[in-house]
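# A closer look at the structure
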Amino acid sequence: MVFDGCPVELWMEQVLLEDEELEERIHYCKVIAYDEINERLEMMLRGEEVTVISLDAIYGCKIMDGERFAKCHGRVLERYLNKQGNMLIFQVEDGFYKNTVN
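Only a predicted model underlies this, so the values are computations on that prediction, with no experimental measurement involved.

## Remarks on the nonpolar core
Within the largest apolar cluster, 23 residues are counted, with the highest numbers of intra-cluster contacts made by Leu10, Leu41, Tyr59, Cys61, Ile63, Leu88 and Phe90. Where this core is concerned, the elements lending two or more residues are β1 (7–15), β2 (26–35), β3 (40–45), β4 (57–65), β5 (68–82) and β6 (85–100). By residue number, the principal contributor to this core is β4, which donates 4 residues.

Here is the structure:
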């Protein structure tokens, strides 16, 4: 499955730390690369600083490709700033579910 360049919606589903608050907003990203072997997405976060993304949470992820989309769940392993922008490394922990928009 090729996701490069696809838009992504990312949202917090569960916090892993006791004192962390569950955030109820959607973050918008773009897939830069997908490593199928390790099931990792490299994404660019749009319009926000990387510090708004928790490394101690489970996130839902929806990748859109025209009229199709795929959903998965996982964790952000890394967040950093480089010359491309605000970057995230997302580890897929619960595989992709494919759907078609009607």
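## Remarks on the pairing of β5
Sheet topology places β4 next to β5; 7 bridges connect them, and they run antiparallel. Looking across to β5, one finds that Asp65 is bridged to Arg68. Connecting the antiparallel pair β4 and β5 is a turn made up of 2 residues, with Gly66 showing a positive phi of about 65°.

## A closer look at the side chain of Glu48
Summarising the element assignment, Glu48 is placed in the loop between β3 and β4. In this structure the side chain of Glu48 is engaged in a polar contact, spanning 3.2 Å, whose partner is the side chain of Arg25. Not counting the four nearest positions on each side in its chain, Glu48 is found in contact with Arg25, His27 and Asn86.

## A short note on the pairing of β3
Taken together, the 6 bridges between β2 and β3 define a ladder with antiparallel strand orientation. If you follow Asp35 over to β3, its bridge partner there is Arg40. Between β2 and the antiparallel strand that follows it, β3, lie 4 residues; Glu39 among them carries a positive phi value of about 50°.

## Quick look at the packing of aromatic side chains
Between two aromatic rings, the relevant description is the distance of the centres plus the angle of the planes. Tallying each qualifying case throughout the model produces 1 aromatic pair. Taken together, a centroid distance of 5.2 Å and an interplanar angle of 70° make the contact between Phe3 and Tyr34 edge-to-face. Highlighted residues: Phe3 in the segment before β1 and Tyr34 in strand β2, separated in sequence by 31 residues. Accessibility assignment for this pair places Phe3 and Tyr34 in one class, buried. The ring of Phe69 carries the charged tip of Lys62 above its face, separated from the ring centre by 4.5 Å.

Cut-off values and rules
- Residues numbered from 1 in each chain as written.
- Predicted model: local features only at pLDDT ≥ 70, side-chain atom pairs only at ≥ 80, totals over all residues.
- Heavy atoms only, no water.
- Core = buried A, V, L, I, M, F, W, Y, C linked by side-chain atoms within 4.5 Å.
- Buried < 20%, exposed > 50% of the residue type's maximum accessible area, 1.4 Å probe, protein only.
- Helix = DSSP H or I, 4+ residues; strand = E, 2+ residues; numbered from the N terminus.
- Pairing = 2+ DSSP bridges.
- Polar contact = N/O pair within 3.5 Å; in protein donor to acceptor, adjacent residues only side chain to side chain.
- Contact = heavy atoms within 4.5 Å.
- Phe/Tyr/Trp six-rings, centres within 6.5 Å; stacked < 30°, edge-to-face > 60°.
- Lys NZ or Arg CZ within 6 Å of the ring centre and 35° of its normal.

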